[in-house]
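# Descriptive structure summary
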Amino acid sequence: MKQQSEPRLTPREKAKVAGYVARMCKRGIAGDHVYQADLERKVDRVIEQARRREERDAKSRK
């Protein structure tokens, strides 16, 4: 399988991811039984949007 590299994040995207990770940590303190999949999906969505942005920018530079 081809390994995809992580896209470069803008400062705004980094702040969003950091906020979601902080919320996951806060929920983690509450216990292992706490639902975190919603925040994980949000982080995945930000990273996927960054990946699409990089691909779009690479195509426009050609």
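Here we summarise the structure given alongside this text. (Residues numbered from 1 in each chain as written. Predicted model: local features only at pLDDT ≥ 70, side-chain atom pairs only at ≥ 80, totals over all residues. Heavy atoms only, no water.)

We now examine the overall build of the chain. Of the regular secondary structure elements, the chain holds two helices and zero strands. Among the 62 residues that make up the chain, the fraction classed as buried is 23%. For the chain, restricting intrachain contacts to residue pairs at least 6 apart in sequence, the fraction spanning at least 24 positions comes to 55%. Accessible surface, the chain as shown: approximately 5400 Å² in total, 52% of it carbon and sulfur. With 18 positive and 10 negative side-chain charges, the chain shows a spacing of 5 Å between the two charge centroids. (Helix = DSSP H or I, 4+ residues; strand = E, 2+ residues; numbered from the N terminus. Buried < 20%, exposed > 50% of the residue type's maximum accessible area, 1.4 Å probe, protein only. Contact = heavy atoms within 4.5 Å. Areas by Shrake-Rupley, 256 points an atom, 1.4 Å probe, with all protein chains shown as cover. Lys, Arg positive; Asp, Glu negative; His and termini not counted. Charge placed at Lys NZ, Arg CZ, Asp CG, Glu CD.)

In this section: the nonpolar core. Ranked by size, the top nonpolar core spans seven residues in total: Val17, Tyr20, Met24, Leu39, Val43, Val46 and Ile47. Tallying contributions element by element places helix H2 (residues 37-61) first for this core, with four residues. For Val46, the contacting residues outside a window of four places in its chain are Glu13, Lys16, Val17 and Tyr20. (Core = buried A, V, L, I, M, F, W, Y, C linked by side-chain atoms within 4.5 Å.)

In this section: H2. For H2, built from 25 residues, the straight-helix expectation of 36 Å at 1.5 Å per residue is met to within 8% by its first-to-last C-alpha distance of 36 Å. Of the residues making up H2, those classed as buried are Leu39, Val43, Val46, Ile47, Ala50, Arg51 and Arg53. Residues of H2 that are buried sit in contact with helix H1 (11-30). (Expected span 1.5 Å × (residues − 1).)

Let's shift gears to the pattern of salt bridges. Under the definition given, this model contains three salt bridges. The residue Arg53 makes a salt bridge to Glu13 at a minimum N-O spacing of 2.8 Å. In this pair, Arg53 sits in helix H2 while Glu13 sits in helix H1, placing the two residues 40 residues apart along the sequence. According to the relative accessible area criterion, Arg53 is buried, its value standing at 17%. Of the charged contacts, one joins Arg27 and Asp38 as a salt bridge, the two residues approaching to 2.7 Å between their closest N and O atoms. Here Arg27, found in helix H1, pairs with Asp38, found in helix H2; they are eleven residues apart in sequence, far enough to count as distant. (Salt bridge = Lys/Arg side-chain N within 4 Å of Asp/Glu carboxyl O.)

In this section: H1. Over its 20 residues, H1 runs 29 Å from end to end, which matches the ideal 28 Å to within 8%, given 1.5 Å per residue. Among all positions in H1, only Glu13, Val17, Tyr20 and Met24 are buried. With its buried residues spanning 65° around the axis, H1 presents them on a single face. Turned more than 90 degrees away from the buried face of H1, the exposed residues are Pro11, Arg12, Lys14, Ala15, Lys26, Ile29 and Ala30. Directly beyond the C-terminal end of H1, a positive phi value near 145° is found at Gly31. (Arc of directions from axis to C-beta.)

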